[in-house]
Amino acid sequence: MLTAGFTSLVCKFLKQPVVLGYIVAGLLVGPYVFGSSWVSDGESVETWGEIGVIFLLFSLGLEFSYKKLVQMGTTALIGCFTIVVGMMTCGFLMGRALGWNQMNSLFLGGMLCMSSTTIVFKALDDLGLRQQKFANICFGILVVEDLFAVVLMVLLASLAVNQTFDGAEMLLQVGKLAAYLLFWFAAGLFLIPTLLRVCKEHLNDETLTIVSLGLCLGMVLLAEGAGFSSALGAFVMGSILAETVEAEKIEHLLSPIKNMFGAVFFVSVGMMIDPALLLKYWLPISLITLLVICGQIVFATLGVVLAGQPLKTAMQAAFSLTQVGEFAFIIANFGTEKGVTEPFLYPVIVAVSVITTFLTPYTIRLAEPAYERFDKLLPRRWKLLLDAYGHSRSTQKETSLTQRYLGEAALPITIYSIVSIFIAALYFSLIHAKVISIVDDFLDSVFSVSHPWIGRLISLVLILSMLSPFLYQIVNKNKRNKDAAKLWETGSFFTRGLLIVFNAFRIVLVLAIITSCIGKIFDATIGILLAFGTAFFFLITRSSNIQRRSYVLEDNFLTNLSAREVAMREGKHTEKEKAQEQDDDFDDMHFGEVTIPEGSSALGRSLRDLDLRNKTGVSVIRILRSSGNVNNPKATERFNPGDRVVVNGSVGDIELFKIFVAPAQDSTK
């Protein structure tokens, strides 16, 4: 940390990102430059580095927002997809061309397809470009890349274990990850904001910090228990807290912790760099650096143009993304720990990251001159084609009523289905057996009878009661809204058939969940399961109590989802009101000059003792006296007879001050 502090100061002096200083510090204190005398326990440093990754991902999640991702539209998605496909392909081919095996080449491609959110934002902020249109596009692409990085880590973990690429396994892992993210996003937004709101009066800075860290590390345990990485758990909890009213405060409180552990992580990264390996692999480092800069410029420009943005904006965004991000270190470290990549790959990618990070401010400055040069060389016909394409992309096509209805209904049905399946899985793995055991012990001790089916029946009623509000929404969500009614009245035969199939699918899905729960508890034939499942289905869909519970849960979720935006709007409104009050107060402010007469009770007393601000409302600006004027008098200054005092306040305040300093006989009048 001492070395990191010194090198980071040097980087700040040279106007370079402090991440470079941390990596240089790690290089200096590592075992390859001055031996192992500085740091004797390498395993301890690796442990601290892993903790650093957790807090880095947690802070990244606090800056992430699912709603912002939706608002980014297709530009961020198309741009990210083009970059990922292009850079992963080029990285893989580059690795194979260098003679590396498939696993090293695949990991190289994964490391090259993501830019650095921290470096890009820092560089744009230093250059005063954060408010530019292309900066917002960069942010959108980086957000999607961060989310993709989490998916990529899951896929690479599967490859590291199986040593082969299995398409079915990949789809299974992606589906499992998507279900995990949706479940915890829904459950987290329902539970955590409610918890913070109930405990709000007890959440000072200390308790909020500890609660946030506890939630983060708790989600880390849940993620590892589900077979995912600790980094994913930290990211998920950060993204959940990012939707709460306390998000900015949590981010502010945890910033020092993130900075410290982030520094430890990057120092641990630098400690793994062997200068001898860098000299040995100077050619791959040079080639990969050129690939990152040129590839990001080409694919990012192509992706943003395909999304319908102007060529100039696309090139400005592309020239800002020409570096290797922090996720590359995490992926490289993961490959090294699992033993699926060669040891040289880690220092090589770190060296590429250092070089591209150093060059980022310069590439951003080159964007506009490069565009002007390219625009002159571009044929006029191509310019017209690009303009026409951008115009066609920007023209919003009206979505059909059928597509809109199905889209609005499908997402909540998917979320409620995933939540129901997760609740059932958690119940049967943690609670079901305990419920049966408790009921059996109670019956045996109180009534001296043993009927195992009673405990099972109670367990079934309990799980179906827990699932019933969600199952009700699966069946009835958007089923009777205006769009559905209009489609049924005015739609074609095909449209009506589509609605029937869609609603039938809801029923089948709910019946499948119910019968699965019954079958998990009781051994029965298909016919009996369907009979009982249908009976439970009609009970759930016809119960007014379940309907009321379902709407209450949904209202709470939607309230928590929009709480941050509501608070921000109210905060802005309050700030405007305060500013208006201040403006009104300022309009009512006047300057007045008052002479201190002989016999005034204020003579000989200090301004601190007089306490004029509280007693009269005026502020003393200046004292004019024959011996010399006193500007902005101190609290120890005293009035002399004949002093002309310049004060600031309302008309009423100044009149009150005149009375206050008047001689005693005058003030009594």
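Just so it is clear, the model here is predicted, and its values are computed rather than measured.

Undergrad: Can you explain the overall build of the chain? Please cite residues and give values.
TA: Helices and strands together make up the secondary structure of the chain, namely 29 helices and 4 strands. Taking all 669 residues of the chain together, 46% fall into the buried category. Considering only residue pairs separated by 6 or more positions, the chain has 79% of its internal contacts joining residues 24 or more positions apart. For the chain, the exposed surface amounts to about 35000 Å²; the carbon and sulfur share of it is 63%.

Undergrad: Lay out the packing of aromatic side chains in plain terms, naming residues and giving numbers.
TA: Inspection of every chain in the model, using the stated rule, returns 8 aromatic pairs. Note on Phe 183 and Phe 422: the rings are 4.4 Å apart at their centroids and 10° apart in plane angle, and the pair reads as stacked. Note that Phe 183 is positioned in helix α9 (residues 167–198) and Phe 422 in helix α19 (residues 401–430), a separation of 239 residues in sequence. Phe 422 sits in the partly exposed class, given a relative accessible area of 22%. Relative to Phe 470, the ring of Tyr 416 has its centre 6.3 Å away and its plane inclined at 40°; by these criteria the two rings are tilted. Of the two residues, Tyr 416 sits in helix α19 while Phe 470 sits in helix α21 (residues 452–476), which places them 54 residues apart along the sequence.

Undergrad: I'd like to hear about the pairing of strand β4 (residues 644–649), residue by residue, with values.
TA: In terms of burial, β4 is largely enclosed, as 5 of its 6 residues are buried. As judged from the 5 bridges shared by strand β2 (residues 619–624) and β4, these two strands associate in the antiparallel manner. Bridge pairing in β4 links Ile 623 to Val 645.

Undergrad: Explain the pattern of salt bridges to me, and be specific about the residues and the numbers.
TA: Evaluated as defined, the whole model comprises 3 salt bridges. Lys 249 is the salt-bridge partner of Asp 205, the closest N and O atoms lying 3.5 Å from each other. Of this pair, Asp 205 sits in helix α10 (residues 205–225) while Lys 249 sits in helix α12 (residues 247–271), placing them 44 residues apart in sequence. The exposure class of Asp 205 is partly exposed, given its relative accessible area of 43%. Looking at Lys 249, the relative accessible area reads 37%, which means it is partly exposed. The partner of Lys 312 in a salt bridge is Glu 368, with the nearest N and O atoms 3.6 Å apart. Taken together, the residues Lys 312 in helix α15 (residues 311–320) and Glu 368 in helix α17 (residues 345–377) connect sequence positions 56 residues apart. Its relative accessible area of 32% is what places Lys 312 among the partly exposed residues.

Undergrad: Break down the nonpolar core for me, citing the residues and quoting the values.
TA: Grouped together as the largest cluster of nonpolar side chains are 164 residues, with contacts concentrated most on Leu 57, Phe 107, Leu 112, Ile 288, Ile 349, Ile 463 and Ile 514. If we skip the residues at most four places from it in the chain, Leu 112 touches Met 87, Gly 91, Ile 288, Leu 291, Val 292, Gln 296, Val 324 and Ile 349. With 16 residues, the next largest nonpolar core counts Val 594, Ile 596, Val 618 and Ile 654 among its residues.

Undergrad: If you had to explain the pairing of β2 to someone new, which residues and values would you point to?
TA: Where β2 and strand β3 (residues 630–631) come together, 2 bridges link them in antiparallel fashion. Bridge assignment links Ile 623 to a residue of β3, and that residue is Val 630.

Undergrad: Requested: an account of the side chain of Ser 468, with residues and values cited.
TA: Relative to the helices and strands, Ser 468 resides in helix α21. In this view, Ser 468 contacts Ile 540, Ile 546 and Arg 549; residues no more than four positions away in its chain are not counted.

Undergrad: I'd love a proper account of a negative patch on the surface, names of residues and values included.
TA: There is a patch of like negative charges on the surface, built from Asp 41, Glu 43, Glu 46, Glu 50 and Glu 337. Position of Glu 46 among the secondary structure elements: in helix α3 (residues 42–63). Exposure remark for Glu 46: the relative accessible area of 46% places this residue in the partly exposed category.

Undergrad: Help me get a handle on the state of the cysteines, residues and values and all.
TA: Disulfides are covalent bonds that connect the sulfur atoms of two cysteines. Here the structure, examined in full by the defined rule, presents 0 disulfides. Between Cys 113, a cysteine without a disulfide, and Cys 80, which holds the nearest cysteine sulfur, the sulfur-to-sulfur distance is 7.8 Å. Of the residues examined, Cys 113 reaches a relative accessible area of 0% and is grouped as buried.

Undergrad: Can you break down the packing of helix α16 (residues 326–338) against α17 residue by residue, with the values?
TA: Axis separation between α16 and α17 bottoms out at 9 Å; the angle between their running directions is 175°. Viewed along their axes, α16 and α17 adopt a mutual orientation that is roughly antiparallel. Contacts from Ala 328, Phe 329, Ala 332, Asn 333 and Thr 336 of α16 reach α17 at Tyr 346, Ile 349, Val 350 and Ser 353. When grouped by side-chain class, the residues that make up the contact of α16 with α17 number 6 nonpolar, 3 polar and no charged.

Undergrad: Account for α16, naming residues and giving values.
TA: With 13 residues, α16 extends 19 Å between its outermost C-alpha atoms, agreeing within 8% with the 18 Å of an ideal straight helix rising 1.5 Å per residue. Of all the 13 residues making up α16, 10 are buried; the element is thus mostly covered by neighbouring parts of the structure. All of the buried residues in α16 are Glu 326, Phe 327, Ala 328, Phe 329, Ile 330, Ile 331, Ala 332, Asn 333, Phe 334 and Gly 335. Of the residues trailing α16, Gly 339 is marked for its positive phi of about 75°.

Undergrad: I'd like a rundown of helix α1 (residues 2–13), residues and numbers included.
TA: Compared with an ideal rise of 1.5 Å per residue, which puts 12 residues at 16 Å, α1 spans 17 Å between its outermost C-alpha atoms and is within 8% of the ideal. Within the sequence span of α1, burial applies to Thr 3, Ala 4, Thr 7, Ser 8 and Cys 11. Viewed along the axis of α1, the buried residues span an arc of 125°, placing them on a single side of the element. Across from the buried face of α1, at angles greater than 90 degrees, the exposed residues are Leu 2, Phe 6, Leu 9 and Phe 13.

Undergrad: Go over the packing of α15 against α17, please, and point to the residues and values.
TA: Helix packing geometry: the angle between the two helix axes and the distance between the axes. Where α15 contacts α17, the two axes come as close as 8 Å, and the packing angle between them is 155°. When the interaxial angle is binned, α15 and α17 end up roughly antiparallel. The handedness of the crossing between α15 and α17 is right-handed. For the pair formed by α15 and α17, the contact residues are Leu 311, Lys 312, Met 315, Gln 316, Phe 319 and Ser 320 on the first element and Thr 360, Thr 363, Ile 364, Leu 366, Ala 367, Glu 368, Ala 370, Tyr 371 and Phe 374 on the second. A per-class count over the contact of α15 with α17 returns 9 nonpolar, 4 polar and 2 charged.

Undergrad: Kindly report on the side chain of Ser 600, identifying the contributing residues and their values.
TA: Mapped onto the elements, Ser 600 comes out in the loop between β1 (590–595) and α26 (607–610). Residue classification places Ser 600 among the buried residues on the basis of a relative accessible area of 6%. Here the side chain of Ser 600 touches Ala 602 through a polar contact of 3.2 Å, landing on its backbone nitrogen. Within the structure, the side chain of Ser 600 is placed 2.5 Å from the backbone oxygen of Val 661, a separation counted as a polar contact.

Undergrad: Mind laying out the environment of Asp 375, listing which residues take part and the relevant values?
TA: Looking at the element boundaries, Asp 375 is found in helix α17. The partly exposed category is assigned to Asp 375, whose relative accessible area is 23%. Separated by 63 residues in sequence, Asp 375 and Lys 312 have C-alpha atoms that sit 8.8 Å apart.

Basis of the calculations
Residues numbered from 1 in each chain as written. Predicted model: local features only at pLDDT ≥ 70, side-chain atom pairs only at ≥ 80, totals over all residues. Heavy atoms only, no water. Helix = DSSP H or I, 4+ residues; strand = E, 2+ residues; numbered from the N terminus. Buried < 20%, exposed > 50% of the residue type's maximum accessible area, 1.4 Å probe, protein only. Contact = heavy atoms within 4.5 Å. Areas by Shrake-Rupley, 256 points an atom, 1.4 Å probe, with all protein chains shown as cover. Phe/Tyr/Trp six-rings, centres within 6.5 Å; stacked < 30°, edge-to-face > 60°. Pairing = 2+ DSSP bridges. Salt bridge = Lys/Arg side-chain N within 4 Å of Asp/Glu carboxyl O. Core = buried A, V, L, I, M, F, W, Y, C linked by side-chain atoms within 4.5 Å. Patch = residues over 30% accessible without salt bridge, like charges linked within 9 Å, V, L, I, M, F, W, Y side chains within 5 Å. Lys, Arg positive; Asp, Glu negative; His and termini not counted. Charge placed at Lys NZ, Arg CZ, Asp CG, Glu CD. Disulfide = S-S within 2.5 Å. Axes fitted to C-alpha atoms, helices over the stretch in contact; angles between N-to-C directions. Parallel < 35°, antiparallel > 145°, perpendicular 65-115°, else oblique. Nonpolar A, V, L, I, M, F, W, Y, C, P; charged D, E, K, R; others polar. Expected span 1.5 Å × (residues − 1). Arc of directions from axis to C-beta. Left-handed = near helix turned anticlockwise from the far one by under 90°. Polar contact = N/O pair within 3.5 Å; in protein donor to acceptor, adjacent residues only side chain to side chain.

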